[in-house]
Amino acid sequence: MTMGAVSRPVLRPEDGVGDVEILRRIRAGDRGAVDELYERFRRPAFALARRILADDGLAEDVLQDVFLGVWRDPGAYDGARGSFASWLLAVVHHKAVDAVRREESQRRRQARAEDQAVLDAPVATRDVEDDAWSRVVAEQVRSALSVLPGPQKEALTLAYYGGYTQREVAALTGAPLGTVKTRMLAGMRRLKSELGGLSGPAGGGALSDDAPWDGTR
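Worth saying up front: this structure is predicted, and the values here are computed from it rather than measured.

## As for the overall build of the protein chain
Counting its secondary structure elements, the protein chain contains eight helices and zero strands. In the protein chain, the order of α-helices and β-strands from amino to carboxyl end is α-α-α-α-α-α-α-α. The burial tally for the protein chain puts 30% of its 217 residues in the buried class. Long-range contacts, defined here as pairs at least 24 residues apart, represent 64% of the contacts in the protein chain between residues at least 6 apart.

In C-alpha cells form, the structure reads like this:
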C-alpha cells in the first residue's frame, strides 16, 4: 500500500469493532489508545492531507490536530452516521482544506503588503515653489514615458496615474506579477536615464529605482 495513493483505509468488518474498542479506551482516559489509533490510521490520513496540502509539514500538523481532537472529545464521533474510518478521514479532509485557505489568506495579505510598500509613497506637504516644480517634473515625465516600450509605459501609467497596485496592474494587463515588476523596474531605470537625474529646487525630486515618482496629473 503506497502512502501517496491511499485515500482511505481498507478495513475488514472486525476492524470496525476494533475502532469502537479503542474509542472506549480513549473515553476511559487510556493515552496508549490514542497512540494505537494514530498507528492504525496514520498512513491513509497523512496521504489524504498531503494530497490536499502538497506539504509534508502542514500535513503532519493537520494529523496532530485531528488526533488531539479525538483525544479531547472522543464523543464527537457518532456511530449512527457511519464507520469511524470514514468519519476520521472526513475530519482530516475538512481540516486540510481549512489549512489551505489559511495559507492562501496569509499569502494574499503578504502580497498586498509588499505591493503597498512598493507603490504607496507618502504625500509630503509642499510650499508653492515645490508645487510649481512638481508640475514641471510631471510634464517632463509624461514626455519621457513616450520613449518607453509599450508594456513598460502601460504598467507605469496604470500604477502611477491610475493608482493601481502591481497585482492589480497584472490583472488588468493579463501579465504575470513577476513580469509586471520587471517591466516597472526597467521602465523606472529608463525614465531616470531620460530625465538625467532631474531634481527639484531643494534637490529632493529625483526619481528612485525603488518607488514610484511623485508628481501631478
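## Digging into the packing of helix α6 (residues 150-160) against helix α7 (residues 166-173)
The interhelical angle for the contact between α6 and α7, taken along N-to-C directions, is 130°, at an axis separation of 10 Å. On the basis of the axis angle, α6 is oblique to α7. As α6 runs across α7, the sense of the crossing is right-handed. Where α6 abuts α7, its residues Glu-154, Ala-155, Leu-158 and Ala-159 lie against Val-169, Leu-172 and Thr-173.

## Focus: the pattern of salt bridges
Under the definition given, this model contains seven salt bridges. For Arg-25, the salt bridge is made with Asp-30, and the minimal N-O distance between the two is 3.0 Å. In this structure, Arg-50 engages Asp-56 in a salt bridge whose closest nitrogen and oxygen atoms are separated by 2.4 Å. Here the salt bridges do not stand alone but share partners, grouping Arg-25, Asp-30 and Glu-36 into one network.

## Examining helix α3 (residues 56-72)
For α3, built from 17 residues, the straight-helix expectation of 24 Å at 1.5 Å per residue is met to within 8% by its first-to-last C-alpha distance of 24 Å. By the N-cap criterion, in which a side-chain oxygen at the helix start approaches the backbone nitrogen of a residue two or three places on, α3 is capped by Asp-55, the distance to Gly-57 being 2.9 Å.

## A few points about the environment of Val-169
Position of Val-169 among the secondary structure elements: in helix α7. Sequence spacing of Val-169 and Leu-158 is 11 residues, and the spatial spacing of their C-alpha atoms is 6.5 Å. Discounting chain neighbours no more than four positions away, the residues touching Val-169 are Ala-155, Leu-158, Ala-159, Tyr-164 and Val-180.

## Points about the confidence of the model for the protein chain
Across the protein chain, the average pLDDT comes to 74, with 71% of residues at or above 70. In this model, residues 1-14 is a region of pLDDT below 50 whose contacts with residues beyond four sequence positions or in other chains number 26 contacts. Note on residues 199-217: pLDDT is under 50 here. Beyond four places in sequence and across chains, it has 44 contacts.

## Regarding the environment of Thr-165
Position of Thr-165 relative to the elements: it lies in the loop between α6 and α7. Measuring from C-alpha to C-alpha, the distance between Thr-165 and Ala-155 comes to 9.9 Å, with 10 residues separating the pair along the chain.

## Regarding the packing of helix α2 (residues 31-53) against α3
Running from N to C, α2 and α3 cross one another at 140°; their axes reach a closest spacing of 9 Å. For α2 against α3, the interelement crossing comes out right-handed. Residues Arg-31, Val-34, Leu-37, Tyr-38, Phe-41, Arg-42, Ala-45, Phe-46, Ala-49, Arg-50 and Leu-53 of α2 form the contact with α3, whose participating residues are Asp-56, Leu-58, Ala-59, Glu-60, Val-62, Leu-63, Gln-64, Phe-67, Val-70 and Trp-71. When grouped by side-chain class, the residues that make up the contact of α2 with α3 number 15 nonpolar, one polar and five charged.

Reading guide: rules and limits
Residues numbered from 1 in each chain as written. Predicted model: local features only at pLDDT ≥ 70, side-chain atom pairs only at ≥ 80, totals over all residues. Heavy atoms only, no water. Helix = DSSP H or I, 4+ residues; strand = E, 2+ residues; numbered from the N terminus. Buried < 20%, exposed > 50% of the residue type's maximum accessible area, 1.4 Å probe, protein only. Contact = heavy atoms within 4.5 Å. Axes fitted to C-alpha atoms, helices over the stretch in contact; angles between N-to-C directions. Parallel < 35°, antiparallel > 145°, perpendicular 65-115°, else oblique. Left-handed = near helix turned anticlockwise from the far one by under 90°. Salt bridge = Lys/Arg side-chain N within 4 Å of Asp/Glu carboxyl O. Expected span 1.5 Å × (residues − 1). Polar contact = N/O pair within 3.5 Å; in protein donor to acceptor, adjacent residues only side chain to side chain. pLDDT = per-residue confidence, 0-100. Nonpolar A, V, L, I, M, F, W, Y, C, P; charged D, E, K, R; others polar.

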